[in-house]
Amino acid sequence: MTISSALIIWKALICITGCESPVIVVVSGSMEPGFKRGDILFLHMNEDPIRAGDIVVFNIKGKTIPVVHRVIQVHEQQNNKEIYVLTKGDINKKDDRLGGIYGSGQLWLQRQHIMGRAIGFLPYEGWVTIVLTENPIVKYVLIGALSLVLITSKDRGAKQNSRLV
Amino acid sequence: MHSFGYRANALLTVAVTILALMCAIASLSDNFNSPTPSAQVQVLNINWFQKHQDGNDEISLTLNISANLQSLFTWNTKQVFVFLAAEYETPMNSLNQVSLWDGIIPAKEHAKFWIHTSNKYRFIDQGSNLRGKDFNLTLHWHVMPKTGKMFADKIVMSGYRLPQDYR
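Note on numbering: residues in each chain are counted from 1, in written sequence order. Just so you know, chain letters begin at A and ligand numbers begin at 1, following the order they were written in. Whole-chain, interface and lining totals are the exception, using all residues; otherwise, since this is a predicted model, local features are given only for residues with pLDDT of at least 70 and side-chain atom pairs are given and counted only at 80 or more. With hydrogens and water stripped out, all remaining heavy atoms of the structure feed into the side-chain values.

An unreviewed UniProt entry annotates chain B as Signal peptidase complex subunit 3 originating from Punica granatum. UniProt positions are given in the numbering used here, feature names are shortened, and annotations may be inferred rather than shown by experiment. Recorded under Subcellular location (unreviewed entry), the UniProt text for chain B is reproduced unchanged: "Endoplasmic reticulum membrane".

As annotated in an unreviewed UniProt entry, chain A carries the name Signal peptidase complex catalytic subunit SEC11 and comes from Punica granatum. Per its UniProt entry, chain A bears the Subcellular location (unreviewed entry) comment "Endoplasmic reticulum membrane". In UniProt, chain A has this text filed under Function (unreviewed entry): "Catalytic component of the signal peptidase complex (SPC) which catalyzes the cleavage of N-terminal signal sequences from nascent proteins as they are translocated into the lumen of the endoplasmic reticulum. Specifically cleaves N-terminal signal peptides that contain a hydrophobic alpha-helix (h-region) shorter than 18-20 amino acids."

Below you can see the structure in the form of structure tokens.
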């Protein structure tokens, strides 16, 4: 049940957000304290132009892991609307060009490098702690539900035993 | 039908669904917030203004940035990422946005601030178009929630102009 609902949600997300990988896990700490390692980001890609401040996910040729950083410079050309984008991780001192994130000789990111924009997020490692500490109701519901499971299974065992006797 | 595996599966599904619903509600509650932020920026000094060997203009400014972003914070706000961008048009580019300064506001108490600083990031043009250039200074902010949808908005301040000559 869990697996099939997870699959349905995943497929729905792909359709709704319009990009190939609508959910991504943050792997580096370069966007702290906003995004921590293990956090889950929701991505969306539409025709809206990339603007300064957008948090974008991009691929660099030759590197396997996509990078999630913030756009700090945009230059958009007059005629063809071609864009030149510079990014930087929030906590990094150097932008991605100086910091060696881009491929050698690459000065800018362009439209084809960008996979999506982050529009929302779920704190993965923190979520269990946060939910349990800030919403004790959930804790009680879970404990209550687990206890119910234990109690009902015990009853069945007892019933079976009495029948055999 | 009533094995431990089935029950555990059902429990997990319900728990995850409830969790997702709570995150969605937490995020939705942010929509009821109607913020009233304010900001002001002064260019105190042009430190220097040069053209590099590669043909790109660069300028260094000292700025006074003051803002009150307290109304952006809700119970679901983790931090507000704020940055100041210079925005201008050139013959080659219909839009140029260059971030000059950014900061992270971790809590409501720090959201009313005043800072005197030179530009944190280099103000370099893609070309040599900055002399006498009229530009806007836009304060952008990104509200990063504890969970859910991120909000972004900005205040555009216009009427700034760069000097006519290099110095």
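From this point, the narrative continues.
Colleague: Would you mind going over the overall build of chain B with me for this structure?
Modeller: Tallying secondary structure elements over chain B gives one helix and nine strands in all. Secondary structure elements follow DSSP: runs of H or I of four or more residues count as helices, runs of E of two or more count as strands, with numbering from the N terminus. Going from the N terminus to the C terminus, chain B shows its helices and strands as α-β-β-β-β-β-β-β-β-β. Using C-alpha atoms as the atom set, the radius of gyration is obtained and then compared with a globule rule of 2.2 Å times the number of residues to the power 0.38. Computed over its C-alpha atoms, the radius of gyration of chain B comes to 23 Å, more than 25% above the 15 Å expected for a compact globule of 167 residues. By principal-axis analysis of the C-alpha atoms, chain B measures approximately 80 × 35 × 20 Å. Counting over 167 residues, chain B shows a buried share of 47%. The contact definition used throughout considers only heavy atoms, calling two residues in contact when any of these lie within 4.5 Å. Within chain B, counting contacts between residues at least 6 apart in sequence, those at least 24 apart form 67% of the total. The method behind every accessible area is Shrake-Rupley, applied with a 1.4 Å probe, and residues are considered shielded solely by the protein chains displayed. Carbon together with sulfur atoms contributes 56% to the accessible area of chain B, which is approximately 8,300 Å² in total. Positive: Lys, Arg. Negative: Asp, Glu. His and the chain ends are not part of the count. Charge placement uses NZ in Lys and CZ in Arg. For Asp and Glu, CG and CD serve respectively. Seen as two clouds, the 14 positive and the 12 negative side-chain charges of chain B have centres 8 Å apart. Only protein chains enter the accessibility calculation, which uses a 1.4 Å probe; a residue whose area is less than 20% of its type maximum is buried, one above 50% is exposed, and one in between is partly exposed.

Colleague: Mind showing me how you'd approach the domain arrangement of chain B here?
Modeller: Accessible area lost upon the coming together of the parts serves often as the stated size of an interface. Residue and element names in this part refer to chain B. The assigned domain composition of chain B is domain 1 (1-32) and domain 2 (35-161). Marked domain ranges trace back to an automatic or database domain assignment. The straight-line distance from the C-alpha centre of domain 1 to that of domain 2 is 41 Å. Between domain 1 and domain 2, the residue contacts involve six residues of the former and eight residues of the latter. Accessible area that two parts lose when put together, with a 1.4 Å probe and added across both, is what the buried area reports. Summing both sides of the interface, domain 1 and domain 2 together bury roughly 560 Å²; the carbon and sulfur share of this comes to 50%. On the domain 1 side of the contact with domain 2, A26, S27 and D30 bury the most area, a combined 70% of that side's loss.

Colleague: Just checking my understanding: could you explain the pairing of strand β3 (residues 77-88) of chain B for this structure?
Modeller: Regular strands place side chains that alternate from one sheet face to the opposite one. Residues and elements named next belong to chain B. Within β3, 11 of the 12 residues are buried, which leaves it mostly tucked inside the rest of the structure. As judged from the 10 bridges shared by β3 and strand β7 (residues 134-145), these two strands associate in the antiparallel manner. By the bridge assignment, L84 is partnered in β7 with L139. In the sheet, β3 pairs with strand β4 (residues 93-105) via nine bridges, with the strands oriented antiparallel. In the sheet register, A86 faces β4, and the bridge partner there is V98. Whether two strands pair depends on DSSP finding at least two bridges between them. Hairpin connection from β3 to β4: four residues lie between these consecutive antiparallel strands.

Colleague: Explanation requested: the pattern of salt bridges in the structure shown.
Modeller: Between side chains of opposite charge, a pair can form when the charged atoms approach closely. Residues and elements named next belong to chain A. By definition here, a salt bridge exists when the distance from a side-chain nitrogen of Lys or Arg to a carboxyl oxygen of Asp or Glu is within 4 Å. Inspection of every chain in the model, using the stated rule, returns seven salt bridges over all chains. Salt-bridge contacts for R117 lead to D54; the nearest nitrogen and oxygen are separated by 2.9 Å. Residue R117 is found in strand β6 (residues 114-122), and its partner D54 is found in the loop between β2 (40-44) and β3 (55-58); the two are separated by 63 residues along the sequence. The partner of D90 in a salt bridge is R70, with the nearest N and O atoms 2.9 Å apart. Placement of the pair is D90 in the loop between β5 (83-88) and β6 and R70 in strand β4 (residues 67-77), with a sequence separation of 20 residues.

Colleague: What should I look at first to understand the side chain of B:D57 in this one?
Modeller: Inspection of the secondary structure puts B:D57 in strand β2 (residues 57-68). Two N or O atoms count as a polar contact when they lie within 3.5 Å, although within protein this holds only if one can serve as hydrogen donor and the other as acceptor, and sequence-adjacent residues are included solely when both atoms are side-chain atoms. Among the polar contacts listed, one links the side chain of B:D57 to the backbone nitrogen of B:L130, at a separation of 3.0 Å.

Colleague: In this structure, what is going on with the interface of chain A and chain B? I would like to understand it.
Modeller: At the interface, 44 residues of chain A touch 42 residues of chain B. If you look at where chain A meets chain B, you find zero salt bridges. For the pair chain A and chain B, the number of links is 15 residue pairs in polar contact (both at pLDDT 80 or more). Taken together, the elements giving at least two residues each to the side of chain A that touches chain B come down to α1 (2-17), β4, β5, β6, α2 (124-134) and α3 (136-164) of chain A. Tallying contributions element by element places α3(A) first for the side of chain A that touches chain B, with eight residues. Residues that form the side of chain A that touches chain B fall into these classes: 21 nonpolar, 12 polar and 11 charged. Relative to β4(B), β4(A) is paired through five bridges, and the arrangement is antiparallel. Residue A:E76 lies in a different strand from β4(B), and its bridge partner there is B:L95. Each residue is assigned to one class: nonpolar for Ala, Val, Leu, Ile, Met, Phe, Trp, Tyr, Cys and Pro, charged for Asp, Glu, Lys and Arg, and polar for all the others, Gly among them.

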